[in-house]
Amino acid sequence: MPISFSDITLEHIDKFSRMLRKHYDIDFSGYNPAFLRRRIAGRINRIPLASVNQYYKYIEDSPDELGMLLQNLTINVSEFMRNPEVFDIIGVDILPELIANKNNLIRFWTAGCSKGEEPYSLAIILSKMGIGSGKAEIVATDIDEIALKKARRGIYKRTSLKNLSQNDRKIFFKNSDDGIYKIERKIKKSVIFKKHNILTGSDLGKFDFIMCRNVAIYFGKELQVKMYRRLIDDLYIGGYLIIGKSEVLPKCSIKSLSTITLEHRIYRKVK
Ligand SMILES: C[S@@+](CC[C@H](N)C(=O)[O-])C[C@H]1O[C@@H](n2cnc3c(N)ncnc32)[C@H](O)[C@@H]1O
């Protein structure tokens, strides 16, 4: 019988968190327990094993298993121009405003960038506006090394490009017959990928634009507050913050922001 997510206790979660912290220096202890339970149970049932104790033993005997568990906890689902209406607003309103009002380098950060679809989407829009790396810098970070490796390779299946027009696919990708798309070299070179934990990672400097979407959904309340505090601190006054469409900013974070559109979760730092 498959194990249920309620078979995963807080003690189990604590033990897995300690193992992952020790091996990968990533701390899951403040993540949403319901999310961790579901993901751990899902991994155990995929093997499949009948109990958490069997899984501890399995981890001891299989050198790659802890990495597989980590992969299960860092969900990498993404796509180019995810929520296309948000990217429409970025292209039509936000970027022209930033370009018109900033004389020096405009700095973008996509935090929790997964396999690169989000930062490359920004790079595509900027390229279409004729803005190159001399005027814009895109920093893209994630804790997941495997996702970052894929991001740096820049190779995608057709499904992750479904929001792009045929013309954009043609201009910005090399397409082979087997349905594999390789991002164009100039776009690839315009994104700086870096392994980085939003919660504990080093200072990356100040930004004019930060996108952090579909990352906070996995965190408990306290970590959400910590993460948004950091992101807002790292924004220049007047800089933009864009979060995931199902995410909600903690009350204390709203104070230093004005809402550009609640529907699309776009905010601007005012103080
Ligand atoms: C669902 S993906 C979101 C990708 C993209 N932002 C989007 O919305 O399409 C969530 C990403 O957040 C990353 N992540 C989770 N916790 C993180 C942390 N503390 N610091 C940096 N990245 C983190 C995961 O590794 C994963 O790649």
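*Asks:* I would appreciate a short explanation of the side chain of Ser-78 in the present structure.
*Replies:* By secondary structure assignment, the location of Ser-78 is in the loop between α4 (65–73) and α5 (84–101). If near-sequence neighbours (up to four positions away) are discounted, Ser-78 is found in contact with Ser-114, Lys-115 and Glu-117.

*Asks:* Sorry if this is basic, but what is going on with the sheet that holds strand β3 (residues 155–157) here?
*Replies:* Remark on secondary structure: sheet strands pair via backbone hydrogen bonds, oriented parallel or antiparallel. A sheet is described by the order of its strands in space; here three strands give the open sequence β3-β5-β4, paired in antiparallel fashion. Sheet topology places β3 and β4 (173–175) at the edges, where each strand pairs with a single neighbour. If you compare each strand with its neighbour and ignore which way they point, the axes differ by 30° on average. In the sheet, β4 pairs with strand β5 (residues 180–183) via three bridges, with the strands oriented antiparallel.

*Asks:* What is the right way to read the site of the ligand from this model?
*Replies:* The environment of the ligand is formed by 22 residues, the closest being Tyr-31, Ser-78, Arg-82, Asp-142 and Asn-214. A distance of 3.2 Å separates a nitrogen atom of the ligand from a polar side-chain atom of Glu-118. Side-chain polar atom of Asn-214 to an oxygen atom of the ligand: 2.8 Å apart, as the coordinates give it. Contact with the protein chains removes 99% of the 610 Å² of surface that the ligand exposes when unbound. Across the shell around the ligand, the residue classes tally to nine nonpolar, eight polar and five charged.

*Asks:* What is the right way to read the pattern of salt bridges from this model?
*Replies:* It is possible for side chains of opposite charge to pair when their charged atoms get near one another. Considering all chains together, one arrives at 14 salt bridges under this definition. Between Arg-18 and Asp-14 there is a salt bridge; the shortest N-O distance is 3.4 Å. Within this pair, Arg-18 and its partner Asp-14 are both found in helix α1 (residues 10–24), separated by four residues, close to a single helical turn. A salt bridge links Glu-85 to Lys-245; its shortest N-O distance comes to 2.9 Å.

Conventions adopted
- Residues numbered from 1 in each chain as written.
- Predicted model: local features only at pLDDT ≥ 70, side-chain atom pairs only at ≥ 80, totals over all residues.
- Heavy atoms only, no water.
- Helix = DSSP H or I, 4+ residues; strand = E, 2+ residues; numbered from the N terminus.
- Contact = heavy atoms within 4.5 Å.
- Pairing = 2+ DSSP bridges.
- Axes fitted to C-alpha atoms, helices over the stretch in contact; angles between N-to-C directions.
- Near = heavy atom within 4 Å.
- Polar contact = N/O pair within 3.5 Å; in protein donor to acceptor, adjacent residues only side chain to side chain.
- Areas by Shrake-Rupley, 256 points an atom, 1.4 Å probe, with all protein chains shown as cover.
- Nonpolar A, V, L, I, M, F, W, Y, C, P; charged D, E, K, R; others polar.
- Salt bridge = Lys/Arg side-chain N within 4 Å of Asp/Glu carboxyl O.

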